[in-house]
Amino acid sequence: LLAAQAAGALPINFAAPRQPQLEGNPAKRKVALAALAAGLLLLVGAGVGYMKLSAAQERVAERTAERDDLKKRIDAGAPDAKRAGALDGWQKREVRWDQELYELARRMPADDSVRVAQLTATPIPPDKNGKQEAQALINLKVNATSTAAAAALMSAFENDNRPGSKYYVGTGQTILQPGGAQAGKYNQNVTLWTKVIHREPNQYTNVVKFKPPKRTAGVAYGSAATEPEPKPPEPKDEPKEEPEPAPAPADKGD
């Protein structure tokens, strides 16, 4: 019996000789091993997935913290941004009057046929929606030698408009009663008006061309005309004393 036990399982169970001896199924063993391997793989995969999920959750938490911090900064800077926007809007409504006066001087006719008697500039407030057709209204009262000369000045405003960029809108004129004899040749009274639209400094591209006056006529380029310095008086020639004539020699016979 000991020898048979050492060789393997006995074919008969002597404790229960009538009980049949069941043989093991190799296929079931393989299935069990495969199931065990699949379980181990599933366990390892679950561990790796959990680690990746934890890392992703950490990144989400970091991004959420960054978003919240950025939102706090935006909310804190909202008043400054609002003030900056209001300042930018205010700058877009301004009119550079120094440049506009320069442009007006450039438009004046070279033959001195129009003279400006009065200039009035009035800002145009925005409407209830915060919009403006233009930024200011200019009224010019001019005295001209003819109504055609005044109309040419009015057209000069419109001629400065560019395709896609309008600087003057609503331009018009009113011809008033002619002046009396005291007005001389400038007896045509005309009122011109136009609405000025904001433009940036680099959009003023015109250059005034004129001949400077003679220096003897008055002030030129900021310096007064100089008068010639008086010449010092020339010294007068004093009369020279003529020498007295020498006495005539006496005659020897005397």
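In the block above lies the structure referred to throughout.
Residues numbered from 1 in each chain as written. Predicted model: local features only at pLDDT ≥ 70, side-chain atom pairs only at ≥ 80, totals over all residues. Heavy atoms only, no water.

Caption draft 1: Highlighting the overall build of the protein chain. Secondary structure summary: the protein chain contains 4 helices and 4 strands in total. From first element to last, N terminus to C terminus, the protein chain shows the α and β order α-α-α-β-β-α-β-β. Within the span of the protein chain, comprising 254 residues, buried residues form 15% of the whole. Sequence-distant contacts in the protein chain: of pairs separated by 6 or more residues, those separated by 24 or more amount to 62%. Per element, the accessible surface of the protein chain, about 20700 Å² overall, is 58% carbon and sulfur. (Helix = DSSP H or I, 4+ residues; strand = E, 2+ residues; numbered from the N terminus. Buried < 20%, exposed > 50% of the residue type's maximum accessible area, 1.4 Å probe, protein only. Contact = heavy atoms within 4.5 Å. Areas by Shrake-Rupley, 256 points an atom, 1.4 Å probe, with all protein chains shown as cover.)

Caption draft 2: Summary view of the sheet that holds strand β1 (residues 114-123). One open sheet accounts for 4 strands, arranged β1-β2-β4-β3; its pairing is antiparallel. On the outer flanks of this sheet lie β1 and β3 (168-175), each paired with one strand and no other. The mean angle between the axes of side-by-side strands here comes to 15°, regardless of whether they run parallel or antiparallel. In the sheet, strand β2 (residues 136-144) pairs with strand β4 (residues 188-196) via 9 bridges, with the strands oriented antiparallel. (Pairing = 2+ DSSP bridges. Axes fitted to C-alpha atoms, helices over the stretch in contact; angles between N-to-C directions.)

Caption draft 3: Quick look at helix α3 (residues 97-107). Those residues of α3 that sit buried are E100, E103, L104 and R107. Buried positions in α3, seen along its axis, are confined to an arc of 100° and lie on one side of it. Next to the buried residues of α3 lie β1, β2, α4 (147-159), β3 and β4. (Arc of directions from axis to C-beta.)

Caption draft 4: A look at the pairing of β4. Of all 9 residues in β4, 7 are buried, a share of seventy percent or more. Summarising the sheet, β3 and β4 pair through 6 bridges and their orientation is antiparallel. Its bridge partner lying in β4, T174 is registered against T191.

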